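The lines below spell out each chain.
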Amino acid sequence: MYAQMVKSEATQDDPEQLAAFQARIDAGEKIEPKDWMPEGYRKTLIRQIGQHAHSEIVGQLPEGNWITRAPTLERKAILLAKVQDEAGHGLYLYCAAETLGVSRDEMTEMLLDGRMKYSSIFNYPTLNWADIGAVGWLVDGAAIMNQVPLQRTSFGPYSRAMIRVCKEESFHQRQGYDAIRKMAEGTPEQKKMAQDALNRLWYPSLMMFGPSDKDSVHSAQSMAWKIKMNTNDELRQKFVDQTVPQAEYLGLTVPDPDLKWNEERGHYDYTDPDWSEFFEVIKGNGPCNTDRLAARNKAWDDGAWVRDGLLAHAKKKAGRQHAAE
Amino acid sequence: MKNEWPLWEVFIRGQHGMSHRHVGSLHAPDAEMAIKNARDVYTRRNEGVSIWVVEANHIAASSPSDKGPLYEPSESKVYRHPTFFDIPEEVGAM
Ligand SMILES: [Fe+2]
Ligand SMILES: [Fe+2]
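No experiment lies behind these values; they were computed from the predicted model shown.

Our focus in this paragraph is the coordination of the iron ion (ligand 2). A four-donor tetrahedral metal ideally has 109.5 degree angles, and a six-donor octahedral metal ideally has angles of 90 or 180 degrees. All names here are of chain A. Only Glu-86 (OE), Asp-140 (OD), Glu-169 (OE) and His-172 (ND1) from the protein reach the iron ion (ligand 2) as donors, at distances of 2.0 to 2.3 Å. For the iron ion (ligand 2), the four donor atoms in the first shell make angles of 85 to 171° at the metal, so the coordination geometry reads as irregular. Each donor residue of the iron ion (ligand 2) lies on one chain, and together they are spaced E-x53-D-x28-E-x2-H. Between the two metals, the iron ion (ligand 2) and the iron ion (ligand 1), the spacing is 3.3 Å, and Glu-86 donates to both. A residue pair is termed long-range when its members are at least 10 positions apart, and Glu-86 in helix 4 (residues 73–98) and His-172 in helix 7 (residues 156–184) qualify at 86 residues. Of the residues examined, His-172 reaches a relative accessible area of 0% and is grouped as buried.

Counted by the stated rule, this structure contains 26 salt bridges over all chains. With a closest N to O distance of 2.9 Å, Glu-86 of chain A and Lys-82 of chain A form a salt bridge. Taken together, the residues Glu-86 of chain A and Lys-82 of chain A, both in helix 4 and four residues apart, mark about one turn of the helix. For the salt bridge of Lys-317 of chain A with Asp-30 of chain B, the shortest nitrogen-to-oxygen distance reads 3.4 Å. Here the residue Lys-317 of chain A occupies a position in helix 13 (residues 304–324), and Asp-30 of chain B occupies one in the loop between strand 2 (21–27) and helix 1 (31–42), the pair thus bridging two chains. Residue classification places Lys-317 of chain A among the partly exposed residues on the basis of a relative accessible area of 31%. Given a relative accessible area of 12%, Asp-30 of chain B falls into the buried group. Among the charged side chains, a network of salt bridges with common partners joins Glu-63, Lys-82, Glu-86 and Asp-140 of chain A.

Glancing now at the interface of chain B and chain A. Contacts between the two partners involve 23 residues from chain B and, on the opposite side, 24 residues from chain A. Counting the surface lost from both chain B and chain A, the interface buries some 2000 Å², and carbon and sulfur atoms represent 52% of this. Counting across the interface, chain B meets chain A through six salt bridges. Between Glu-168 of chain A and Arg-45 of chain B there is a salt bridge, with the nearest N and O atoms lying 3.4 Å from each other. Here chain B is connected to chain A by 13 residue pairs in polar contact (both at pLDDT 80 or more). At the level of elements, strand 2 and helix 1 of chain B are the ones that each hand at least two residues to the side of chain B that touches chain A. Per element, the largest residue contribution to the side of chain B that touches chain A is five residues, and it comes from helix 1 of chain B.

All names here are of chain A. Ranked by internal contacts, the top residues of the largest apolar core, which has 47 residues, are Trp-129, Trp-137, Trp-202, Phe-239 and Val-240. At the level of elements, helix 4, helix 6 (129–150), helix 7, helix 8 (188–207) and helix 10 (232–250) are the ones that each hand at least two residues to this core. The dominant element in this core, judged by the number of residues it contributes, is helix 6, at 11 residues. Setting aside chain neighbours within four positions, we find Trp-202 in contact with Phe-239, Val-240, Thr-243, Val-254 and Pro-255.

Rules behind the numbers
Residues numbered from 1 in each chain as written. Chains lettered and ligands numbered in written order. Predicted model: local features only at pLDDT ≥ 70, side-chain atom pairs only at ≥ 80, totals over all residues. Heavy atoms only, no water. Donors = N, O, S within 2.8 Å, 3.2 Å for Na, K, Ca; no water. Tetrahedral: all angles 85-135°; square planar, octahedral: opposite > 155°, others 65-115°. Helix = DSSP H or I, 4+ residues; strand = E, 2+ residues; numbered from the N terminus. Buried < 20%, exposed > 50% of the residue type's maximum accessible area, 1.4 Å probe, protein only. Salt bridge = Lys/Arg side-chain N within 4 Å of Asp/Glu carboxyl O. Contact = heavy atoms within 4.5 Å. Buried area = accessible area lost by both parts, 1.4 Å probe. Polar contact = N/O pair within 3.5 Å; in protein donor to acceptor, adjacent residues only side chain to side chain. Core = buried A, V, L, I, M, F, W, Y, C linked by side-chain atoms within 4.5 Å.

Spelled out as structure tokens, the structure:
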């Protein structure tokens, strides 16, 4: 998902305390920042929420790429609002992670030097306007699948951040579907572009849910702690089931010749993405990894004088006020 | 880190005369910027008509380990709730 393959940390705590902690989670209680928690819970959450936050921030790049080239002023205003929401999502999540004792700057630095990851999906390019529609429809659609259950996660600040995020996501998916629908119902060339966007983004969207359950080594502990609510394959299946009829409505074809409704299971059978491609992208070898990190590093470096200047100004002003009192 | 902007807690009062409610936090160099940032981060959809910000390190909070001494005393005082008292039906609504 926005957090993929989050490694869960081993915990070496007093068994009695651990059991009491697990009992609170099982009873549906929320864990708050000042409550006792196992070190592994804290560290895993920092990694997961941090990765989620970084995804929101890096995720602005492929869409921001098209703001100035949106086909109409209305689409431009909508996309601008959507991308601004993603900045907000990043900020809600960073704040939630900070309550666990990591600083914002530490997290930023870990993103910038590659110690922390962001979702593999944002290492794919947005080549044309149809891709922007497809991103809202598929990528935000996949994000929603994962974020809705996370509203019930055990960690209070994370749950509250997810509730805010979910309130805003539906707009994201609907504006995307609306944009790609315009193209699917447009000229033959436009329809071809819509189909091409779906062809390129379908499997990367399926990868967002992370490796298949049989290769997903960190799930059990995270699920017991309720920081992961569903398995990767469960969510992927739900996404496929939801998205196929939406594609059919558009008259577009999901690029999977083996896709078919399985009456017995009550689900679509579908082909898994190429996992070797997924692992390459995670390792840094996707089409845009270098560009994305370079863009984030440049923004951070170019903004340093503003951050320092505003802080110096604030300190000077506070000093003056102090002297006058 | 050394030059990180301080953390501010943000409280927003919605449209309908409710109290300010904690909505989240953000970083800003000073109060003025914190309010401006809070406008952008927390009120993009008409969520509020008034913003309070306070530097997070100025908030004093009760500790989870005081839960017992602080809140248990009220558990035994059921008479503080109106449903503790039976009012005869003939008396009517009260
Ligand atoms: Fe988002
Ligand atoms: Fe979104």
